[in-house]
Amino acid sequence: MSIRREHLKALRLAKGMTAIDLAEKAGLTEIKVYNVERGRYRLSREHAARWSAVLGVPLGQAFPEHNEGGAV
């Protein structure tokens, strides 16, 4: 698993959230959360922003590539 994917999962777990919790609060599917954490899916900037907001971290901390815009 890449460092980035481990980082996304670690952020979620640090908040005591399951993938289902994150998915429900961010308006995503559980499968999408798992696939992003496994590097199988790339989020749009909008979805990445929602994910970050639910975790209470800046967008650039969870998804550094979105500091510039575009897809993950």
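Further up the page is the structure itself.
The shown structure was predicted, so the numbers you read here are calculated from the model rather than taken from an experiment. (Residues numbered from 1 in each chain as written. Predicted model: local features only at pLDDT ≥ 70, side-chain atom pairs only at ≥ 80, totals over all residues. Heavy atoms only, no water.)

K.L.:
Break down the overall build of the chain for me, citing the residues and quoting the values.
P.N.:
Per the secondary structure count, the chain includes 5 helices and 0 strands. Counting from the amino terminus, helix and strand elements in the chain follow one another as α-α-α-α-α. A total of 72 residues make up the chain; the buried ones form 36% of that total. Long-range contacts, defined here as pairs at least 24 residues apart, represent 47% of the contacts in the chain between residues at least 6 apart. With an accessible surface of roughly 4,200 Å², the chain has 52% of that area assigned to carbon and sulfur atoms. (Helix = DSSP H or I, 4+ residues; strand = E, 2+ residues; numbered from the N terminus. Buried < 20%, exposed > 50% of the residue type's maximum accessible area, 1.4 Å probe, protein only. Contact = heavy atoms within 4.5 Å. Areas by Shrake-Rupley, 256 points an atom, 1.4 Å probe, with all protein chains shown as cover.)

K.L.:
So, the packing of helix 2 (residues 19-26) against helix 3 (residues 30-37): which residues are in play, and what are the values?
P.N.:
Axis separation between helix 2 and helix 3 bottoms out at 8 Å; the angle between their running directions is 115°. It follows that helix 2 is roughly perpendicular to helix 3 by the angle criterion. Helix 3 is crossed by helix 2, and the crossing has right-handed handedness. Between helix 2 and helix 3, the residues in contact are Ala 19, Ile 20, Leu 22 and Ala 23 and Glu 30, Val 33 and Tyr 34, respectively. Among the residues forming the contact of helix 2 with helix 3, the class breakdown is 6 nonpolar, no polar and 1 charged. (Axes fitted to C-alpha atoms, helices over the stretch in contact; angles between N-to-C directions. Parallel < 35°, antiparallel > 145°, perpendicular 65-115°, else oblique. Left-handed = near helix turned anticlockwise from the far one by under 90°. Nonpolar A, V, L, I, M, F, W, Y, C, P; charged D, E, K, R; others polar.)

K.L.:
Please set out the side chain of His 47 residue by residue, giving values where relevant.
P.N.:
Considering the arrangement of structural elements, one finds His 47 in helix 4 (residues 45-55). Not counting chain neighbours up to four residues away, the residues in contact with His 47 comprise Leu 28 and Lys 32.

K.L.:
Residues and numbers for helix 4, please.
P.N.:
A turn of α-helix holds 3.6 residues, and therefore any two residues three or four places apart point the same way. For helix 4, the full list of buried residues reads His 47, Ala 48, Trp 51, Ser 52 and Leu 55. One face of helix 4 carries all of its buried residues, which in axial projection span an arc of 135°. Helix 4 presents Glu 46 and Ala 53 as exposed residues on the side facing more than 90 degrees away from its buried surface. (Arc of directions from axis to C-beta.)

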